[in-house]
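Here is what each chain is made of, one letter per residue.
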Amino acid sequence: MIHIEYTSRATSVRTAPTVCMHCAEPACASVCPADAIKIDADGVVLGAMAERCIGCGNCALACPFGVPKLHAEQHLMRKCDLCYDRTAIGQKPMCATVCPSGALFYGTREEVEDLRRARPLNHVLFGEQAVRTRNHLMAPGHADLLPIAGALTPPRSRAEQQLEEALW
């Protein structure tokens, strides 16, 4: 499950998908009090297990990419798990299958380097916090890491501040 944001819905079909980056050390899994978010042997951060998730929303607050979404009526967090049901049997995730422009690509690092002039990077910097991910974003060839704009002054609610204080 990926989340789609429309950048200018009234005038364009352009979208901005929010795809899980499958962090090497996922904050969402580390803050889950019910141990509902598992990581498979390939490093894929799976969605919350329905029988364990208590719907607390800690994962949504902890993710630096804003990927997990809490479905309050189901008391369950949902997020991209690279279409585990498809990739486990050798198929591409649905987002990469249906993307009409090829902007979303599923394959090896070597395959994407052959197709694009940009360089795949998986080292993202949020202010002073570095995050290494399994998924890669394409960046200009000279970049070694991707600083996220606006990360120095993220808007934080009081609840987010309290959670952050409790975690760090």
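Cut-off values and rules
- Residues numbered from 1 in each chain as written.
- Predicted model: local features only at pLDDT ≥ 70, side-chain atom pairs only at ≥ 80, totals over all residues.
- Heavy atoms only, no water.
- Helix = DSSP H or I, 4+ residues; strand = E, 2+ residues; numbered from the N terminus.
- Salt bridge = Lys/Arg side-chain N within 4 Å of Asp/Glu carboxyl O.
- Pairing = 2+ DSSP bridges.
- Buried < 20%, exposed > 50% of the residue type's maximum accessible area, 1.4 Å probe, protein only.
- Lys, Arg positive; Asp, Glu negative; His and termini not counted.
- Contact = heavy atoms within 4.5 Å.

Trainee: Just to check I follow, could you spell out the environment of Phe126 for this structure?
Mentor: Assignment of secondary structure puts Phe126 in strand E5 (residues 119-126). Separated by 61 residues in sequence, Phe126 and Phe65 have C-alpha atoms that sit 9.4 Å apart.

Trainee: It is not clear to me how the pattern of salt bridges should be interpreted in this structure. Could you clarify?
Mentor: If charged atoms from side chains of opposite charge come close, those side chains can pair. Throughout the structure, instances matching the rule amount to two salt bridges. Across the pair Lys38 and Asp35 runs a salt bridge, and its minimum N-O distance is 2.6 Å. Here Arg52 ties to Asp35 by a salt bridge, and the two come within 3.5 Å at their closest N and O atoms. Taken as a pair, Arg52 in the loop between helix H1 (27-30) and helix H2 (58-62) and Asp35 in the loop between H1 and H2 lie far apart in primary sequence, 17 residues in all.

Trainee: Please clarify how the sheet that holds E5 should be interpreted in this entry.
Mentor: As a general point, the strands of a sheet are linked pairwise by backbone hydrogen bonds and lie either parallel or antiparallel. In spatial order, the strands read E6-E5-E7; together these three strands make up an open sheet with mixed pairing. Unpaired on one side and paired on the other, strand E6 (129-139) and strand E7 (146-147) mark the two borders of the sheet. Strand direction decides the pairing type here: E5 and E7, joined by two bridges, are parallel. Of the residues in E7, the one forming a bridge with Leu125 is Pro147.

Trainee: When you look at the side chain of Arg86 in this model, what are you seeing that I'm missing?
Mentor: Relative to the assigned elements, Arg86 resides in helix H3 (residues 84-87). Buried and unpaired, Arg86 has Asp85 as its nearest opposite-charge partner, separated by 6.0 Å. Excluding its chain neighbours within four sequence positions, the residues that come into contact with Arg86 are Gln91, Lys92, Pro93, Met94 and Thr97.

Purely geometric stuff here, so don't read any function into it on its own.
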